[in-house]
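Summary of the model geometry
Spelled out, the chains give:
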Amino acid sequence: MKNPLDPFKFWKRNDTTESPSASAAQSVKPARAPSTSAHASYQTSILKDFIASVTRKENPVVLDLGPVIGSNIEFFLNLGIKVYMEDFLAAYSNPKYSMLVDEKITLNEQQFFGENFDYADQFFVGLICWDFLSYLEPKFARVFVDRISAKMKPDSFVLGFFRTQKAAGPVPLHKYRISSESFLEYIPLDRAMEIKKVYQTRDVTQLFTEFNSQKFYLLKHQVLEVLLRKRSPAPTP
């Protein structure tokens, strides 16, 4: 299991620092983002509910799938929440996980999961997906959600953001700095990826089969913000 105090995973204090990402293979390689990508601030309607739900747990531990932002770590620590950071898209884009199958570049899922997200089952009470699932091939998104769901405790919570509109070509990627429980800063990265799937509420519930939907909210910039809760196991007869 990864040590949350590992300086390369947890205690990076430079707010502008993100985990290093190698050049990606053609199938998942992030393109250079257009120069028009803007730094913006948007309201979040569900983050406060996610925080309230998680902080009610004893010794809460959350997994954040975005690039490391020191102020986000401090935000959660000040609330008594231990947070693990996994720069998901950096790992997903790493060419070492690509292989050629039937003359098509494909993600080596066995190697990818063998070297990433190596946590005990039922370890986390919270998961922050940001908007990254929208950039995955739908088939792999289902595989990833199934794998990561096993790491979540019963009655745990997922905060996610899903793109609801398709774009022509790659769109700029962002990392997300928490300004408060009500606002997020969208900080552009020098990368862009194609939106592989747009999600509506039904698509999200079908993706997270072990979870019940708690709240959905369509933000003004056409991003669907969701809060999900993992079901507890059925009682033994």
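Our subject in this report is the structure included herewith. Because the structure is a prediction, the values reported are computed rather than measured. (Residues numbered from 1 in each chain as written. Predicted model: local features only at pLDDT ≥ 70, side-chain atom pairs only at ≥ 80, totals over all residues. Heavy atoms only, no water.)

1. Comments concerning the sheet that holds strand β9 (residues 183-193)
Strand order in the open sheet formed by three strands is β1-β9-β8, and the pairing between neighbours is antiparallel. Every other strand in the sheet has two partners, leaving β1 (40-43) and β8 (171-178) as the edge strands with one partner each. Across the sheet, the axes of successive neighbouring strands diverge by a mean angle of 40°, strand direction being ignored. With seven bridges connecting them, β8 and β9 associate as antiparallel partners. Counted as the bridge partner of I178 is L184 from β9. (Pairing = 2+ DSSP bridges. Helix = DSSP H or I, 4+ residues; strand = E, 2+ residues; numbered from the N terminus. Axes fitted to C-alpha atoms, helices over the stretch in contact; angles between N-to-C directions.)

2. Observations regarding unusual backbone geometry
The phi dihedral of W130 is positive, around 50°, even though this residue is not glycine. The residue W130 is located in strand β6 (residues 124-130) in this model. Of note, the phi angle at D155 is positive, near 65°, even though the residue is not glycine. Counting through the fold element by element, D155 comes out in strand β7 (residues 152-163).

3. Observations regarding helix α5 (residues 138-149)
With 12 residues, α5 ought to run about 16 Å at 1.5 Å a step, and its terminal C-alpha atoms sit 16 Å apart, in line with that. Taken together, the buried positions of α5 are F140, A141, F144, V145, I148 and S149. Looking down the long axis of α5, one finds its buried residues gathered within 165° of arc, a one-sided arrangement. (Expected span 1.5 Å × (residues − 1). Buried < 20%, exposed > 50% of the residue type's maximum accessible area, 1.4 Å probe, protein only. Arc of directions from axis to C-beta.)

4. A short note on the sheet that holds β6
The strand order across the open sheet built from six strands is β3-β2-β6-β7-β11-β10, with neighbouring strands paired in mixed fashion. Only two strands of the sheet have a single neighbouring strand rather than two, namely β3 (82-85) and β10 (211-218). Put simply, the sheet's adjacent strands are angled 15° from each other on average, direction ignored. Bridging between strand β2 (residues 61-64) and β6 involves three bridges; their strand directions are parallel. Counted as the bridge partner of D64 is I128 from β6. Along the sheet, helix α2 (residues 70-78) makes contact with β3 and β6, crossing β3 at roughly 155°. Each of β2, β6, β7, β10 and β11 (223-230) is contacted by α5, which is oriented at about 150° to β7, the strand it contacts most. (Contact = heavy atoms within 4.5 Å.)

Interpretation in functional terms is not warranted from these geometric data alone.
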